[in-house]
Amino acid sequence: MEAGAAVLNESVIYLPQVGSTNAWAKENIAQFGPVGAVYTTDQTAGRGRLGRGWVDAPGKGLYYTAVIKTDLAQPSTLPLFASLAVCDALKQRYGIDCQIKWPNDLLLNGKKIVGILCEVAPDGHSLVVGIGINLAQPQEYFDMAGLPHGTSLLLQGVNVDLDTDPEWLAQYMTDFGFDRALYTYEEQGLAPYREQYKAQCVNLGRRVTYDGGAGIAKDIDEEGRLVVHDESGDTHVFTGEVSVKGIYGAV
Ligand code: BTN
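Residues numbered from 1 in each chain as written. Predicted model: local features only at pLDDT ≥ 70, side-chain atom pairs only at ≥ 80, totals over all residues. Heavy atoms only, no water.

A. Local environment of the site of the ligand. Close to the ligand lie 20 residues, the nearest being S20, Q43, R47, R49 and K112. At 2.7 Å, a side-chain N or O of S20 approaches an oxygen atom of the ligand. K112 is positioned with one of its side-chain polar atoms (N or O) 2.7 Å from an oxygen atom of the ligand. When the ligand sits alone it has 420 Å² of accessible area, and the protein chains cover 99% of it. In terms of residue count, the dominant contributor to the shell around the ligand is strand 9 (residues 111–120) (4 residues). (Near = heavy atom within 4 Å. Polar contact = N/O pair within 3.5 Å; in protein donor to acceptor, adjacent residues only side chain to side chain. Areas by Shrake-Rupley, 256 points an atom, 1.4 Å probe, with all protein chains shown as cover. Helix = DSSP H or I, 4+ residues; strand = E, 2+ residues; numbered from the N terminus.)

B. Geometry of the packing of aromatic side chains. One pass over the structure, following the stated rule, counts 9 aromatic pairs. With 5.1 Å between their ring centres and 75° between their planes, F81 and Y193 make a pair best called edge-to-face. You can see F81 sitting in helix 2 (residues 78–94) and its partner Y193 sitting in the loop between helix 5 (182–188) and helix 6 (194–200), a full 112 residues away along the chain. Both residues of the pair, F81 and Y193, belong to the buried class. Aromatic pair W168 and Y172: ring centres 4.9 Å apart, planes at 10°, arrangement stacked. Of this pair, W168 and Y172 both sit in helix 4 (residues 165–180), 4 residues apart, which is roughly one turn of that helix. An aromatic cluster is present here, built from F81, F178, Y185 and Y193 joined pairwise through their rings. (Phe/Tyr/Trp six-rings, centres within 6.5 Å; stacked < 30°, edge-to-face > 60°. Buried < 20%, exposed > 50% of the residue type's maximum accessible area, 1.4 Å probe, protein only.)

C. Highlighting the domain arrangement of the chain. Considered domain by domain, the chain is made up of domain 1 (6–199) and domain 2 (203–244). One C-alpha centre belongs to domain 1, the other to domain 2, and the line joining them spans 24 Å. Between domain 1 and domain 2, the contact holds 14 residues from the first and 17 residues from the second. Taking both sides of the interface into account, the surface hidden between domain 1 and domain 2 amounts to around 1,200 Å²; carbon and sulfur atoms contribute 49%. On the domain 1 side of the contact with domain 2, K101, W102 and R194 bury the most area, a combined 51% of that side's loss. Where domain 1 packs against domain 2, one counts 4 salt bridges. One salt bridge connects E241 with K101, and the closest N-O pair in it is separated by 3.4 Å. Linking domain 1 with domain 2 are 8 residue pairs in polar contact (both at pLDDT 80 or more), by the criterion used here. Secondary-structure elements contributing two or more residues to the side of domain 1 that touches domain 2 are strand 7 (99–101) and helix 6. (Domains from an automatic or database assignment. Contact = heavy atoms within 4.5 Å. Buried area = accessible area lost by both parts, 1.4 Å probe. Salt bridge = Lys/Arg side-chain N within 4 Å of Asp/Glu carboxyl O.)

D. Quick peek at helix 2. Across its 17 residues, helix 2 extends 24 Å between first and last C-alpha, which sits within 8% of the 24 Å expected from 1.5 Å per residue. The buried fraction of helix 2 amounts to 13 of the 17 residues, a majority that puts the element mostly inside the structure. Note on helix 2: the residue one or two positions beyond its end, G95, has a positive phi of about 75°. (Expected span 1.5 Å × (residues − 1).)

Here it is, written out as structure tokens:
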């Protein structure tokens, strides 16, 4: 373990600063049990989906990675399950209801508050679930970073306590979002969570554009794919960027 790292309990590791919690978790995968986590509030080389970066806001964001080593019946749906785990943690801590933009952006008042990046560890089996939560960045941070569709909980009027919330959220997501919830999810996959996900999914009923087409998003199928309907029928979208009319300024 790095100098300065403090162990909260056996399964949640805090690092004062790290390049990327996902990268750290993958490099140190052997020291995690079946379900564990690492987090920081200062991530200097964060990574986002589709090869993008994830900008650091030292002390103002939560950068967290859960490690899952148990066998999952439906690992391809982990991004969707993870988004519900984060929604639940934010609801418990702040009483807020986030929406989900498929597959796993969390929105508050139509702006992005959370990004999630799921990856396979080098052992080819363990999974890492990287979660970035915008806690208290000011508007200038998003302006300077060129993120017009991003926001923080603080900017949306949420009462954030930077002294206690990162640890609380990291512990809650590990214990309740992943460890305990996995007993259902690891065997049954998305099925028990699908209706809840659909209820929170902002894509459904809206016009969406994906790599290769456009149409009305009408369902989330059993595999967690976005079902898009157009005049030639249904397309089950499983990867890539999907823009949603009315969200992030899309038309
Ligand atoms: C996205 O592009 O929306 C996903 C962003 C995921 C960022 C988180 S922050 C914690 C973890 N460590 C990383 O390097 N990335 C993820």
